[in-house]
Amino acid sequence: MERRSRLFDSVVVGGQPLPNRIVLPPLTRSRATDHGVPTPLMEEYYRQRSGAGLVIIEGTVITPQATAYPRVPGLYSAEQVAAWRPVVAAAKRDGAAVYAQLWHVGRQSHSSVQPDGLPPKAPSPIPITGFQYRSANGRIPYETPRELTTAEIADIVQAYGTAARNAVRAGFDGVELHAANGYLVDQFLNDGSNHRTDQYGGPLENRTRFLLEVIAEMARHLPAGRIGVRLSPSSDWMDAHDSDKRALYSAVVRRLNGLGLAYLHLVEPEIAGSTTVDRPADSIPTASLASLFDGAVIVTGGHDQESGERLLADGIADLVGFGRLFIANPDLPRRFRTRAPLEPLRPAGIYGGGPEGYTDYPSLAISGV
Ligand SMILES: Cc1cc2nc3c(=O)[nH]c(=O)nc-3n(C[C@H](O)[C@H](O)[C@H](O)COP(=O)(O)O)c2cc1C
């Protein structure tokens, strides 16, 4: 006998009832303007995927310096705020909660996309090794970043707050802090990228300081219950190395407890950024970190309907993210519900371009359901 689906149970996140437990996780698609302004094409894309219970809008940069790639959207200008409004409204069409993922890439940027044309800034002057930057002219080595001063750190903390305030003004229900995938927050957490000797480096208490300051600053502009945090605890993608990841991320999750956050969003160990890899030998089981958290947990990475249902049935997750499946299947919840076949992901148009590979994936005809 087929077990009852839990993916279609409603759930309350941040005090908001969601129609189902299916999450559109943040997916960078590079369809904003060259000035990081959302476009009508993005509105169409999110409208198509509005059947999720929670829509987490793609990585959105908090300042012009925070970006690594062209055509990534931002939340730092009045023009951007105005242009987000119809996109957010479209994503809310079917009752989804809509969060913005706030992003600063730190050392994953490059002088070619920095406003001052100089290398990016990061916790310590340690370049990413083992990976290459995807520049307009092909892959090139990462540069040695400049070390952030404490005054610059304070400015970035404040910029997260401003972006959160702008998110509220644009109609977002909440924000997700991107603390995963070796970006700036993760660079502070990991001792491989943080060699600072001030209050932001050294012991765990210091390396988690930036994360907690950012959350506190954002919570000045919206309730903590509308702030989520995303972590990729087992990933060493983009040279995210720590001498003891298990101790680090267990401590991070414990420190997030008691803040009254909307959710913790965990990326599965077999995900390296946007691709599936072998589970690292020293990976931390998602269930063990999830069990440390006192609020709602989202798990994303390599899941399909069946494994997603299992995560819910086993009590590991409260909601499940489906990234690549949602790119290729805009009406993924309806397809899950009706057990309809899924479209495969096509390589064309994943990052940048126009409608091809973005808004041209078919939805099921309603009459056929
Ligand atoms: C095209 C693409 C863009 C992505 N952009 C982001 C992003 O902006 N922020 C983020 O945290 N993760 C990003 N990811 C990672 C996804 O959110 C997700 O963790 C990953 O795809 C694994 O889930 P899946 O197996 O369901 O696709 C991206 C993944 C893909 C495929």
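Parameters at a glance
Residues numbered from 1 in each chain as written. Predicted model: local features only at pLDDT ≥ 70, side-chain atom pairs only at ≥ 80, totals over all residues. Heavy atoms only, no water. Salt bridge = Lys/Arg side-chain N within 4 Å of Asp/Glu carboxyl O. Helix = DSSP H or I, 4+ residues; strand = E, 2+ residues; numbered from the N terminus. Buried < 20%, exposed > 50% of the residue type's maximum accessible area, 1.4 Å probe, protein only. Axes fitted to C-alpha atoms, helices over the stretch in contact; angles between N-to-C directions. Parallel < 35°, antiparallel > 145°, perpendicular 65-115°, else oblique. Left-handed = near helix turned anticlockwise from the far one by under 90°. Contact = heavy atoms within 4.5 Å. Nonpolar A, V, L, I, M, F, W, Y, C, P; charged D, E, K, R; others polar. Pairing = 2+ DSSP bridges. Near = heavy atom within 4 Å. Polar contact = N/O pair within 3.5 Å; in protein donor to acceptor, adjacent residues only side chain to side chain. Areas by Shrake-Rupley, 256 points an atom, 1.4 Å probe, with all protein chains shown as cover. 1 Å grid on protein atoms, 1.4 Å probe; cavity = no way out; pocket = protein on both sides within 12 Å on 5 of 7 lines; lining within 4 Å. Sits in = over half its atoms within 2 Å of the grid points.

Below, the discussion takes up the pattern of salt bridges. Counted according to the given criterion, the structure contains 15 salt bridges. Between Glu-43 and Arg-47 there is a salt bridge, with the nearest N and O atoms lying 2.9 Å from each other. Taken as a pair, Glu-43 and Arg-47 lie in helix α1 (residues 40-48) at a separation of four residues, close to a single helical turn. A salt bridge links Glu-217 to Arg-220; its shortest N-O distance comes to 2.7 Å. Since its relative accessible area comes to 14%, Glu-217 is described here as buried. Shared partners join several salt bridges into a network, and the residues in it are Glu-43, Glu-44 and Arg-47.

For the rest of this paragraph, the subject is the packing of α1 against helix α2 (residues 78-91). Between α1 and α2, the least distance of the axes is 7 Å, while the angle of their chain directions is 15°. Between α1 and α2, the angle is such that the two are roughly parallel. For the crossing formed where α1 meets α2, the hand is right-handed. In contact with Met-42, Glu-43, Tyr-46 and Arg-47 of α1, α2 contributes Trp-84, Pro-86, Val-87, Ala-90 and Ala-91. Grouping the constituent residues of the contact of α1 with α2 by class yields seven nonpolar, no polar and two charged.

Strand order in this closed barrel of eight strands is β3-β4-β5-β10-β11-β12-β15-β16, and the pairing throughout is parallel. If you compare each strand with its neighbour and ignore which way they point, the axes differ by 25° on average. The sheet contact formed by strand β5 (residues 97-103) and strand β10 (residues 174-178) spans four bridges and is parallel. Bridging across to β10, Ala-100 finds its partner in Val-175. This element, helix α6 (residues 209-218), spans β5, β10 and β11 (227-231) of the sheet and lies at about 165° to β10.

Around the ligand, the structure places 20 residues, and the nearest of them are Thr-28, Arg-230, Gly-302, Gly-323 and Arg-324. For the ligand, an oxygen atom lies 2.6 Å from a polar atom in the side chain of Thr-28. Across the complex, the protein chains shield 95% of the 610 Å² of accessible surface that the ligand would expose by itself. Mapping the ligand onto the cavity grids shows that it belongs to the largest pocket. Of the residues in the shell around the ligand, the class split is seven nonpolar, eleven polar and two charged.

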